[in-house]
Amino acid sequence: MSENKDIWSKAKRIVVKIGSSLVTDEGRGVDSEAINRWVTQFRYLQKLDKEVILVSSGAIAEGVVRLGFVKRPTEIHELQACAAVGQMGLAHAYEKAFASHGLTCGQLLLTHADFANRERYLNARHTLLSLLKLKAVPIINENDTVITDEIKVGDNDTLGALTTNLVDADILVILTDQEGMFTADPRNDPNAELISRAAAGSADLEAMAGGAGSSIGKGGMLTKILAAKRATKSGASTVIVSGRIPDVLIRLADGESLGTLLVAESEPISARKQWMSDHLQLKGYCVIDEGAKEAIKKGKSLLPVGVKAIHGEFLRGEVISCFDGEGKEVARGLSNYTSEMARRLTGKHREEIKEIIGYEERQELIHHDNMVVL
Ligand code: GLU
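Residues numbered from 1 in each chain as written. Predicted model: local features only at pLDDT ≥ 70, side-chain atom pairs only at ≥ 80, totals over all residues. Heavy atoms only, no water.

Caption draft 1: Fine view of the site of the ligand. Residues in close proximity to the ligand total eleven residues, the closest being A59, I60, N141, D144 and N156. Here an oxygen atom of the ligand and a backbone polar atom of A59 are 3.0 Å apart. When grouped by side-chain class, the residues that make up the shell around the ligand number two nonpolar, six polar and three charged. (Near = heavy atom within 4 Å. Polar contact = N/O pair within 3.5 Å; in protein donor to acceptor, adjacent residues only side chain to side chain. Nonpolar A, V, L, I, M, F, W, Y, C, P; charged D, E, K, R; others polar.)

Caption draft 2: Seen up close, the packing of helix α3 (residues 32-47) against helix α5 (residues 76-100). Closest axis-to-axis distance for the α3/α5 pair is 9 Å, and the angle between their directions is 45°. By the angle between their directions, the pair α3 and α5 is classed as oblique. Considering how the two elements wind past one another, α3 and α5 form a crossing that is right-handed. Counted together, S32, I35, N36, V39 and F42 of α3 and A93, Y94, A97, F98 and S100 of α5 form the full contact between these two elements. When the residues that make up the contact of α3 with α5 are grouped by side-chain class, the tally is seven nonpolar, three polar and no charged. (Axes fitted to C-alpha atoms, helices over the stretch in contact; angles between N-to-C directions. Helix = DSSP H or I, 4+ residues; strand = E, 2+ residues; numbered from the N terminus. Parallel < 35°, antiparallel > 145°, perpendicular 65-115°, else oblique. Left-handed = near helix turned anticlockwise from the far one by under 90°. Contact = heavy atoms within 4.5 Å.)

Caption draft 3: Seen up close, helix α4 (residues 59-66). When you tally the buried positions in α4, you get six out of eight residues, the bulk of the element. Those residues of α4 that sit buried are A59, I60, A61, E62, G63 and V64. The secondary structure elements touched by the buried residues of α4 are α2 (20-23), α5 and β4 (136-142). One or two positions beyond α4, positive phi appears at G68, with a value near 75°. (Buried < 20%, exposed > 50% of the residue type's maximum accessible area, 1.4 Å probe, protein only.)

And the structure:
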């Protein structure tokens, strides 16, 4: 059995992300025929006993058309207005297509805050799992109408990966307007070759995928590669493939090799640790010394004595990041102290800590059980 076939035949839960350019026929407006074709394919996957979750872009692109803008506006309030109007168009088109196949769908509009807050994260997970149990197809988009820099995911490739982690999906399919990932930019390098298979998370891929995306959607190839890397955290492989290939999902499910398959090769990390690493924006971070870095890598807790500096403002129990002296993120985890207290304890030994806080407290800034090493 080919490796593709093996991955697909074992997969039970699949997240399909469709980019703006495809959904809106390169910005001309919602492409109902294309949507209908994908829904036919979802139906096929469901018949194979697979669950499908859709992450669809296109709200802003559709809103741009409906509101009569000549080109995509740049003002945030105008983009939010476009998202509000365009999301109606998307929902309407999907609802119609799903209904014509006798299927039910449900919409979730999420922001980064829904992934960052533990309670909201679990709520979103429960809603999604309930929808799947009820055989309704969840359709997810970022809630672009309320986003500010602090709470935005920013692009739907990342949202697709976060969703993959959230529901422990087996495969993330990123349907795009390109054939897959190439060794160089095929638009200006005739020797560029399609990469049909690689390990997700390999540093070479990131270096190759420098370029920006189309002017219609937000994600370029780099966001897709990073999404694949994120998806591996829960053990999912990613396929980056053209959504214009006829019956693309059916053919993939039947084991055909199309586009670029980025295989998850590392062991999945626990759901709680995934949640910590899913934080896109953190309220604070610490800089640690080499000794602490080595200790963390060996599975030890982070003690204040190994901390060189604390940045940002955070509360006890919030997720913070740990950087080494060269600015590389090495770990993240739940802080046992507020940023204010952590600053006072920076570089201090056990006895000094006791004196500062006045009683025998937990000594670690981050306990290793509450930490994910990156
Ligand atoms: N959420 C945006 C939209 O629906 C798209 C973001 C993206 O394309 O990555 O318009």
